Amino acid sequence: MSTYEELSERVARAIAQQIKVKSNSCLGLPTGHTPLGVYRHLSKWSREGQIDWSNVRCFALDDYLETDEKHTFHYFLDEHLYSHTNLPAANKFNPCMTDNYDALIAEHGGLDLTILGIGGNGHIAFNEPGTCARSWTHCTWLNQSTRLANQDSFQDLASVPTRGVTMGLATILESRWIVLMASGEKKKDIVERAFQGPVTVEVPASLLKQHAKTDVWTDFSADYSFPSGATQTARVSL
Ligand code: GLP
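Residues numbered from 1 in each chain as written. Predicted model: local features only at pLDDT ≥ 70, side-chain atom pairs only at ≥ 80, totals over all residues. Heavy atoms only, no water.

## Observations concerning the sheet that holds strand 9 (residues 214-218)
Pairing is mixed across the open sheet formed by seven strands, whose spatial order is 4-2-1-5-8-9-10. Two strands in the sheet have a free side with no partner beyond their single neighbour: strand 4 (92-93) and strand 10 (224-226). Across four bridges, the pairing between strand 5 (residues 113-116) and strand 8 (residues 177-182) is parallel. The partner of Thr114 across the bridge, within strand 8, is Ile178. (Pairing = 2+ DSSP bridges. Helix = DSSP H or I, 4+ residues; strand = E, 2+ residues; numbered from the N terminus.)

## Quick word on helix 7 (residues 188-196)
For an α-helix the count is 3.6 residues per turn, leaving residues at separations of three or four pointing the same way. Listing the buried residues of helix 7 in full gives Ile190, Val191, Ala194 and Phe195. The buried residues of helix 7 occupy an angular sector of 110° when projected down its axis, which confines them to one face. In helix 7, those exposed residues whose orientation departs by more than 90 degrees from the buried face are Asp189, Arg193 and Gln196. Taken together, the buried residues of helix 7 touch strand 8, strand 9 and strand 10. (Buried < 20%, exposed > 50% of the residue type's maximum accessible area, 1.4 Å probe, protein only. Arc of directions from axis to C-beta. Contact = heavy atoms within 4.5 Å.)

## Quick notes on the site of the ligand
Taken together, the neighbourhood of the ligand is formed by 13 residues, with His33, Thr34, Asp62, Asn150 and Lys187 sitting nearest. His33 is positioned such that a nitrogen or oxygen atom in its side chain is 2.7 Å from an oxygen atom of the ligand. Between Thr34 and the ligand, the recorded distance is 2.4 Å, taken from a side-chain N or O atom to an oxygen atom. Considering the ligand on its own, with 390 Å² of exposed area, one finds that the protein chains cover 93% of that surface. Its atoms largely coinciding with the cavity grid, the ligand occupies the largest pocket. Its residues assigned to classes, the shell around the ligand comprises three nonpolar, eight polar and two charged. (Near = heavy atom within 4 Å. Polar contact = N/O pair within 3.5 Å; in protein donor to acceptor, adjacent residues only side chain to side chain. Areas by Shrake-Rupley, 256 points an atom, 1.4 Å probe, with all protein chains shown as cover. 1 Å grid on protein atoms, 1.4 Å probe; cavity = no way out; pocket = protein on both sides within 12 Å on 5 of 7 lines; lining within 4 Å. Sits in = over half its atoms within 2 Å of the grid points. Nonpolar A, V, L, I, M, F, W, Y, C, P; charged D, E, K, R; others polar.)

## Regarding the pattern of salt bridges
Summed over all chains, the structure comprises eight salt bridges. In this structure, the salt-bridge partner of Lys22 is Asp112, at a minimum N-O distance of 2.8 Å. Highlighted residues: Lys22 in the loop between helix 1 (4-21) and strand 1 (26-29) and Asp112 in the loop between helix 4 (101-107) and strand 5, separated in sequence by 90 residues. Note that Arg163 and Glu66 form a salt bridge whose closest N and O atoms lie 2.5 Å from each other. Taken together, the positions of Arg163 in strand 7 (residues 163-166) and Glu66 in the loop between strand 3 (62-64) and helix 3 (73-80) put the pair 97 residues apart, joining distant regions of the chain. Using a relative accessible area of 26% as the deciding quantity, one classes Arg163 as partly exposed. Overlapping salt bridges, with partners in common, bring together Lys22, Asp112 and Arg176 in one network. (Salt bridge = Lys/Arg side-chain N within 4 Å of Asp/Glu carboxyl O.)

Written out as structure tokens, the structure reads:
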């Protein structure tokens, strides 16, 4: 069990270590409240010159459609992370910039490490319950619960976009390493459903149990690692 601060630092260290071991790593990066602490640590270490982002490639997991610039996830990542680093503009990728995000990711060698949050209904990125397990990057309608959860960044619920574009479940599952982070009691039930219950597209995060190297780190429960039984030691040796 750890605090939000410890969880954030742990995930930030995993990213920093990944970049240290492979300077041209491809990262899949989330938005939302959960990763803010991670980005705070990474920004600080980057400003201190401890992380060199010059060869790193960053791929946003998802973004809204039909919203103003300030509400895009591209803007969010720029504000909370990219602008504090030496990541070249050409290495910042977003699913809205191309009609074949998966080909772009493949051209760059595939995702090495993808960080995920989890929605209250089990969504990962914007893959809502019922999304096809073999989905690639696609446009999607957002569930009302997702719009409600994200409402605080907008003036009112009506201003929250109804559609987004997201890496698909197949895109995410192709990442060589996945770390899902969850914080706060309100995520406890869905994390238990996803990682102790059956694998089902009704809880998209549960598909991660079939992935070759996924870690679930929270500030309210013990870790989960998939495939089950994988040791922590094996995981940190990248
Ligand atoms: C959003 C994002 C997800 C994020 C999730 C949880 O809808 N598309 O990538 O992981 O919701 O967000 P939060 O961290 O704010 O709980």
